[in-house]
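Per-entry structural report
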Amino acid sequence: MVLFAGYGVLCLVPLILAALQGQPLRNISRELSSGLVMVGYVMMLLQFVLSGRFEWLSGRIGIDRTMRFHQVASWAILAFIVVHPLLYAAPRLIPDPADALVALNRMFSSPNLRSGVIAWWLMILLVPVAVFRDRLPFRYELWRLSHGLFAIAIAMLGTHHTLRVGSYSADPWLAAFWIAATALALLAMIHIYVFKPLMQLSAPYRVALNRKVADRMWEITVEPERNEAIRFAAGQFVWLNLGHSPFSLTEHPFSISSAPADRPHVIFTIKESGDFTNRIGSITVGTRAYLDGPHGNFTLAGRKVAGVVFIAGGVGFAPIMGMLRQLKVERYPHPLRLIYGNRIETQILYRQEIEALREVLDFEVHYVVSEPSDEWTGLVGELTPSILDKCLAEIRGDEWLFFVCGPPPMMNSVERALFARGISRNRIVSERFKYN
Ligand SMILES: Cc1cc2nc3c(=O)[nH]c(=O)nc-3n(C[C@H](O)[C@H](O)[C@H](O)COP(=O)(O)OP(=O)(O)OC[C@H]3O[C@@H](n4cnc5c(N)ncnc54)[C@H](O)[C@@H]3O)c2cc1C
């Protein structure tokens, strides 16, 4: 709430600084155009901080919410920036549409406005490409590079434009605000792509073990080469770089499936699912690794509960395994329930270890398989509301905490089913492995 209020206040700062100048009001569409673009532009600069790479932010509100906010905000920014020149021409539209078009054309070809026009077009490209990137024939890393470079270009061009022709930016306070905000946005990028890799260089890890743990699932264990291992809360994730320079963009987010108590070993459970992960089985012992993190708030640390329900689909069980391992070490006193869905039995991770937890913890587990073999005697189907009802019959939602992690369609349907059971949003902690 405090973060959200701070965000709102920051977005209003340029409007307040403009109002304080006491300039005579121009026509309504020009004032609206300036107001919207100023708010949109602060939001655009704040997107650099909302990129999901700052632990102090995603650790507080979670990577899911951070990325969802980043995505929703980007549509608002796009709308505010796109309407900016259109609103300038709007008053001419009713009396004479042709005249409005001429005015727009003049605006778009004016050398004075060139930096703003380029930023405007780049913005129109940036958001849809990010939203539809999965359908475009680019590798994720190439998209990520282009996304960062476009964002930097828009920030620089936009600031140049506003300082040069902005209606209110002649004011030294507002000009200073734009320069400071742009500098902070660029510093955020430098922090992520220069400072962090530099720090990682001095804290390398090596792969200590790579083993197959289920159908198309691998477990990579890394250990620090010389420093202390990363400190994290069970359930958090890191950006893992295997075998590349920390300055390369070839890193992927993976949940830590080991417990903090297992340090200095840090374990990842990885499913073959694309360009990089399909080759995970061939990673050899001794491969150098770098870790950026820990990130995320998919963790029990600091939460008071009567009991915990874990609902996992497939490899979404990885962070939950990390939590269960830690809870075992701590001899967690409260009841724990696990509902774990998979397509086939051979994809169930760590089954023996899960079964052994019953000896130490108040732990109940329900395996659900959608395409079972003839020998399967457990629950059959997807994690539908009726299956959840069977497994959660005696559970009162206002006292328990629910952790949900798995493929996006499963998560959406599980979250809907939990809401339908009257469980409030703040009792559900979700982690999506895919942002869109
Ligand atoms: C918070 C979080 C925790 C995760 N934990 C695990 C885990 O414990 N085990 C596991 O198997 N998977 C996990 N994933 C998913 C894992 O990151 C992707 O499966 C992996 O990055 C896919 O890479 P690829 O090159 O094999 O697939 P590709 O076919 O190249 O990509 C498939 C999709 O994965 C996403 N993706 C690809 N590369 C990246 C990247 N560098 N950064 C972010 N997203 C990317 C994109 O949405 C892409 O469309 C997690 C994801 C997130 C966001």
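Nothing here was measured: the structure is a model prediction, and the numbers come from that model.

**Things to note about the packing of helix H4 (residues 63-93) against helix H5 (residues 97-109)**
Where H4 meets H5, the axes come as close as 8 Å, and the angle between the chain directions of the two elements is 155 degrees. Comparing their axes, H5 and H4 come out roughly antiparallel. Regarding H4 and H5, the two cross each other, and that crossing is right-handed. Between H4, through Pro85, Leu86, Tyr88, Ala89, Arg92 and Leu93, and H5, the contact on the second element is made entirely by Pro97, Asp99, Ala100, Ala103, Leu104, Arg106, Met107 and Phe108.

**Notes on helix H1 (residues 2-19)**
Look at H1: 25 Å from first C-alpha to last across 18 residues, which is about the 26 Å you get at 1.5 Å a residue. A maximum bend of about 35 degrees is found in H1 at Leu12, where proline Pro14 lies one to four positions downstream. Looking only at H1, the buried set comprises Tyr7, Cys11, Pro14, Leu17 and Ala18. Where H1 is buried, its residues meet helix H2 (28-46), H4 and helix H8 (172-201).

**Points about the environment of Ala98**
Its location among the elements puts Ala98 in helix H5. A sequence separation of 247 residues divides Ala98 from Glu345, and the C-alpha atoms of the two residues are 67 Å apart.

**With respect to the site of the ligand**
Within the structure, the ligand sits among 24 residues, and Asp134, Glu251, Pro253, Lys271 and Thr277 are positioned closest to it. Protein chains bury 90% of the 890 Å² of accessible surface belonging to the ligand in isolation. Sorting the residues of the shell around the ligand by element identifies strand S3 (237-242), strand S4 (252-255) and strand S5 (266-271) as the ones contributing at least two each. Looking at side-chain class alone, the shell around the ligand contains eleven nonpolar, six polar and seven charged residues.

**Some words on empty space enclosed by the protein**
If you walk through the whole model with that rule in mind, you get one cavity of 30 Å³ or more. Taken as a whole, the largest cavity holds about 80 Å³ of empty space. Residue lining of the largest cavity: 13 residues in total, with Ile192, Tyr193, Pro197, Pro246 and Glu251 positioned closest to the centre. Examining the composition of the lining of the largest cavity, we find that five residues originate from one element, H8, more than from any other. A class-by-class count of the residues in the lining of the largest cavity yields six nonpolar, two polar and five charged.

**Focus on the domain arrangement of the chain**
How big an interface is tends to be stated in terms of the accessible area lost upon association of its parts. Here the chain is partitioned into domain 1 (2-199), domain 2 (205-295) and domain 3 (307-432). Each partner contributes to the interface: domain 1 provides 15 residues, whereas domain 2 provides 13 residues. In total, about 1300 Å² of surface goes out of reach between domain 1 and domain 2, with carbon and sulfur atoms giving 57% of it. Seen at the junction of domain 1 and domain 2, the total is five salt bridges. Our count for the contact surface shared by domain 1 and domain 2 stands at six residue pairs in polar contact (both at pLDDT 80 or more).

Cut-offs used in this document
- Residues numbered from 1 in each chain as written.
- Predicted model: local features only at pLDDT ≥ 70, side-chain atom pairs only at ≥ 80, totals over all residues.
- Heavy atoms only, no water.
- Axes fitted to C-alpha atoms, helices over the stretch in contact; angles between N-to-C directions.
- Helix = DSSP H or I, 4+ residues; strand = E, 2+ residues; numbered from the N terminus.
- Parallel < 35°, antiparallel > 145°, perpendicular 65-115°, else oblique.
- Left-handed = near helix turned anticlockwise from the far one by under 90°.
- Contact = heavy atoms within 4.5 Å.
- Expected span 1.5 Å × (residues − 1).
- Bend = angle between axes of the 7 residues up to and from the residue.
- Buried < 20%, exposed > 50% of the residue type's maximum accessible area, 1.4 Å probe, protein only.
- Near = heavy atom within 4 Å.
- Areas by Shrake-Rupley, 256 points an atom, 1.4 Å probe, with all protein chains shown as cover.
- Nonpolar A, V, L, I, M, F, W, Y, C, P; charged D, E, K, R; others polar.
- 1 Å grid on protein atoms, 1.4 Å probe; cavity = no way out; pocket = protein on both sides within 12 Å on 5 of 7 lines; lining within 4 Å.
- Points joined across faces, edges and corners; volume = space filled by probe spheres on them.
- Domains from an automatic or database assignment.
- Buried area = accessible area lost by both parts, 1.4 Å probe.
- Salt bridge = Lys/Arg side-chain N within 4 Å of Asp/Glu carboxyl O.
- Polar contact = N/O pair within 3.5 Å; in protein donor to acceptor, adjacent residues only side chain to side chain.

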